[in-house]
Amino acid sequence: MTFFSRHWSTYRQVLEHDLMEHSALTAAITQTIGGWLAQRAPGTPTLHALDLGCGDLSLLPPLLRRLPLASFTGLDLNGAVLPLANAALGLVPYPCQFLEGDLLAWAEAEPPEPTVDLLLSSFAIHHLQEPDKGRFLRGCRRRIDPDGLLLWADVFRAPGESRDTYVARYSARVHGWSPLEQERQEEVITHLSQWDHPADPEAIVSQAEAAGWQWRWAWQGQHQAEALAALTPA
Ligand SMILES: C[S@@+](CC[C@H](N)C(=O)[O-])C[C@H]1O[C@@H](n2cnc3c(N)ncnc32)[C@H](O)[C@@H]1O
C-alpha cells in the first residue's frame, strides 16, 4: 500500500464511523445551501460551484447531484484524489472539472478569474498557517459573486486556545476512536500534530469581516472543533 492509499483509507474509516461528524455537517451544508437558494431571485440562471480541497468529495455527491448547477469544479493539492472525486460524483447534467492546485493560489490568482457563486471547502483550510487564512479570505472575497456563498467547514480551536492545547485535546479524542486500530490512531495524531492549524473562532471572524465578509456560524459539532461557517459578501 502506498503512503497515499494508506493515509486515504484511514481517512475513509474516519468518515465511515462518522468520527469527525461528517453526517451532521453534511446535513447542515445541505440546509444552509437550501436556505441560500431560497433567498436568491427566482430564475437566477447560473450557479457555478467550486470545492476547494475537495478530496474525494466525502458525503457531498448526493447533494451535488441535486443542486441546480451550471458547473462544478473540484480542486485539490493532491492529484491522486481527483479521479476518486470524479468517480464519486458520477454522471451529472452539468460540466465538471477536477483540477490539481493550491486553494490559496486559486484565491489569489491574478487577474481574478470569473466569479463563483458557491464556494465550498471542507476540512482543508486549517492546513493554511495563520497569516495565510487571512490572505485566503481576502482572495476569495474578490472571487465570489455579490450574491454568492462561501461555506467553510472545518476544525476550529476553542476561543483563546493555543494550538498546542488544541492538538493535545484533539489527540486525546483520537485515542478514543475505538473503530480505528491503534496504529491508525497514531497516524492521525502524527498528521494533525504536523499539519493542522485550526483558526481561533473569534479572531477569524474579525479577519473575515475586515476582508468584507459577513460571518454566520451555521453549525457547531459536539467537540468544540468541527463547525460550519457561512460567509456572504458584506
Ligand atoms: C481532510 S481532507 C478533506 C477532504 C474533503 N473535503 C472532506 O471534507 O472530506 C483535506 C483535503 O484538502 C487537501 N488540501 C490540503 N491543503 C490544500 C491546499 N493548500 N490546496 C488544495 N487542497 C488542499 C488535501 O489534499 C485533502 O484532499
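Before any of the text, the structure's been laid out above.
On a predicted model such as this, the values are computed, not experimentally measured, just so you know.

Caption draft 1: How the structure looks around the packing of aromatic side chains. For the coordinates displayed, the defined rule picks out nine aromatic pairs. Taking 6.0 Å as the distance between ring centres and 85° as the angle between the ring planes, the aromatic pair formed by Tyr170 and Trp177 counts as edge-to-face. Since its relative accessible area comes to 6%, Tyr170 is described here as buried. Taking the relative accessible area as the measure of exposure, Trp177 reaches 5% and is therefore buried. An aromatic cluster of three or more residues is present, and its members are Trp152, Phe156, Trp215 and Trp217. Over the face of the ring belonging to Trp213 we find Arg141, whose NZ or CZ atom lies 6.0 Å from the ring centre.

Caption draft 2: Inspection of the packing of helix α7 (residues 163–174) against helix α8 (residues 182–195) at higher detail. Where α7 meets α8, the closest approach of the two axes is 10 Å, and the angle between their N-to-C directions is 165°. Classed by the angle they form, the pair α7 and α8 counts as roughly antiparallel. In this structure, α7 meets α8 at a crossing whose hand is right-handed. Judged by residue contacts, Arg163, Val167, Tyr170, Ser171 and Val174 of α7 engage Gln185, Val188, Ile189, Leu192, Ser193, Gln194 and Trp195 from α8. Counted by class, the contact of α7 with α8 contains seven nonpolar, four polar and one charged residues.

Caption draft 3: Summary view of the site of the ligand. In the neighbourhood of the ligand, 17 residues make up the surrounding shell, with Tyr11, Gly53, Asp76, Asp102 and Ser122 lying closest. Between Tyr11 and the ligand, the recorded distance is 2.6 Å, taken from a side-chain N or O atom to an oxygen atom. Asp102 is positioned such that a nitrogen or oxygen atom in its side chain is 2.6 Å from a nitrogen atom of the ligand. A breakdown of the residues in the shell around the ligand according to their chemical character gives seven nonpolar, eight polar and two charged.

Caption draft 4: Structural detail: helix α9 (residues 201–210). Within α9 the residues assigned to the buried category are Pro201, Ile204, Val205 and Ala208. The arc that holds the buried residues of α9, viewed along the axis, is 105°, so those residues lie on one side. In α9, the exposed positions that point more than 90 degrees away from the buried face belong to Glu202 and Ala210. If you check the start of α9, you find a side-chain oxygen 2.8 Å away from the backbone N of Glu202, and it comes from Asp200.

Caption draft 5: Fine view of the pattern of salt bridges. For the coordinates displayed, the defined rule picks out ten salt bridges. With a shortest N-O distance of 3.8 Å, Glu181 and Arg184 are connected by a salt bridge. Via salt bridges that share partners, Glu108, Asp132 and Arg135 belong to a single interconnected network.

Conventions adopted
Residues numbered from 1 in each chain as written. Predicted model: local features only at pLDDT ≥ 70, side-chain atom pairs only at ≥ 80, totals over all residues. Heavy atoms only, no water. Phe/Tyr/Trp six-rings, centres within 6.5 Å; stacked < 30°, edge-to-face > 60°. Buried < 20%, exposed > 50% of the residue type's maximum accessible area, 1.4 Å probe, protein only. Lys NZ or Arg CZ within 6 Å of the ring centre and 35° of its normal. Axes fitted to C-alpha atoms, helices over the stretch in contact; angles between N-to-C directions. Helix = DSSP H or I, 4+ residues; strand = E, 2+ residues; numbered from the N terminus. Parallel < 35°, antiparallel > 145°, perpendicular 65-115°, else oblique. Left-handed = near helix turned anticlockwise from the far one by under 90°. Contact = heavy atoms within 4.5 Å. Nonpolar A, V, L, I, M, F, W, Y, C, P; charged D, E, K, R; others polar. Near = heavy atom within 4 Å. Polar contact = N/O pair within 3.5 Å; in protein donor to acceptor, adjacent residues only side chain to side chain. Arc of directions from axis to C-beta. Salt bridge = Lys/Arg side-chain N within 4 Å of Asp/Glu carboxyl O.

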